[in-house]
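# Notes for the structure review
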Amino acid sequence: MVRPELVAEISADRAIDHGGIFRHPLRFRRLRLDASVDDVPRFGAGLAAG
């Protein structure tokens, strides 16, 4: 079971090459100590979903 306790900022690129592999890896940027887990929509929800 995962219990979210920290918010992290990441960068991601949805580009996929011809082999079906993501072209750019997910990258950790920084911890967001100014935000709580209640400030962030759950994975799969929110504006960027879909």
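Structure: see above.
To keep things clear, this report deals only with the structure shown in the data block. For clarity, every value in this text was computed on a predicted model and none was experimentally measured. (Residues numbered from 1 in each chain as written. Predicted model: local features only at pLDDT ≥ 70, side-chain atom pairs only at ≥ 80, totals over all residues. Heavy atoms only, no water.)

In terms of regular secondary structure, the chain is built from zero helices and two strands. On C-alpha atoms alone, the chain measures out to a radius of gyration of 13 Å, which is more than a quarter above the 10 Å that the 2.2 N^0.38 rule sets for 50 residues. Projected onto its principal axes, the C-alpha positions of the chain cover 40 × 25 × 25 Å. Going through the 50 residues of the chain one by one, you find that 4% of them count as buried. Residue pairs at least 24 apart in sequence account for 32% of intrachain contacts in the chain once pairs closer than 6 positions are excluded. Here the chain displays about 5,000 Å² of accessible surface, and carbon together with sulfur accounts for 56% of that area. Distance between charge centroids for the chain: 4 Å, based on 8 positive and 7 negative side chains. (Helix = DSSP H or I, 4+ residues; strand = E, 2+ residues; numbered from the N terminus. Rg over C-alpha atoms; globule rule 2.2 N^0.38 Å. Buried < 20%, exposed > 50% of the residue type's maximum accessible area, 1.4 Å probe, protein only. Contact = heavy atoms within 4.5 Å. Areas by Shrake-Rupley, 256 points an atom, 1.4 Å probe, with all protein chains shown as cover. Lys, Arg positive; Asp, Glu negative; His and termini not counted. Charge placed at Lys NZ, Arg CZ, Asp CG, Glu CD.)

Mapped onto the fold, Arg 23 is located in the loop between β1 (8-11) and β2 (27-31). Put simply, Arg 23 and Glu 5 are 18 residues apart on the chain and 30 Å apart in space, counted from C-alpha to C-alpha.

We now examine the pattern of salt bridges. A complete count under the given rule lists four salt bridges for this structure. Between Glu 9 and Arg 32 there is a salt bridge whose closest N-O contact spans 3.6 Å. With Glu 9 in strand β1 and Arg 32 in the segment after β2, this pair connects stretches of sequence that are 23 residues apart. A salt bridge links Arg 32 to Asp 34; the nearest nitrogen and oxygen atoms lie 2.8 Å apart. The exposure class of Arg 32 is partly exposed, given its relative accessible area of 25%. On the accessibility criterion, Asp 34 (60% relative accessible area) is exposed. Among the ionic contacts, a cluster of salt bridges with common partners joins Glu 9, Arg 30, Arg 32 and Asp 34. (Salt bridge = Lys/Arg side-chain N within 4 Å of Asp/Glu carboxyl O.)

With that settled, consider a nonpolar patch on the surface. Nonpolar side chains collect at one region of the surface, where Leu 6, Ile 10, Leu 26, Phe 28, Leu 31 and Leu 33 lie side by side and expose about 680 Å² of accessible area between them. Inspection of the secondary structure assignment puts Ile 10 in strand β1. (Patch = residues over 30% accessible without salt bridge, like charges linked within 9 Å, V, L, I, M, F, W, Y side chains within 5 Å.)

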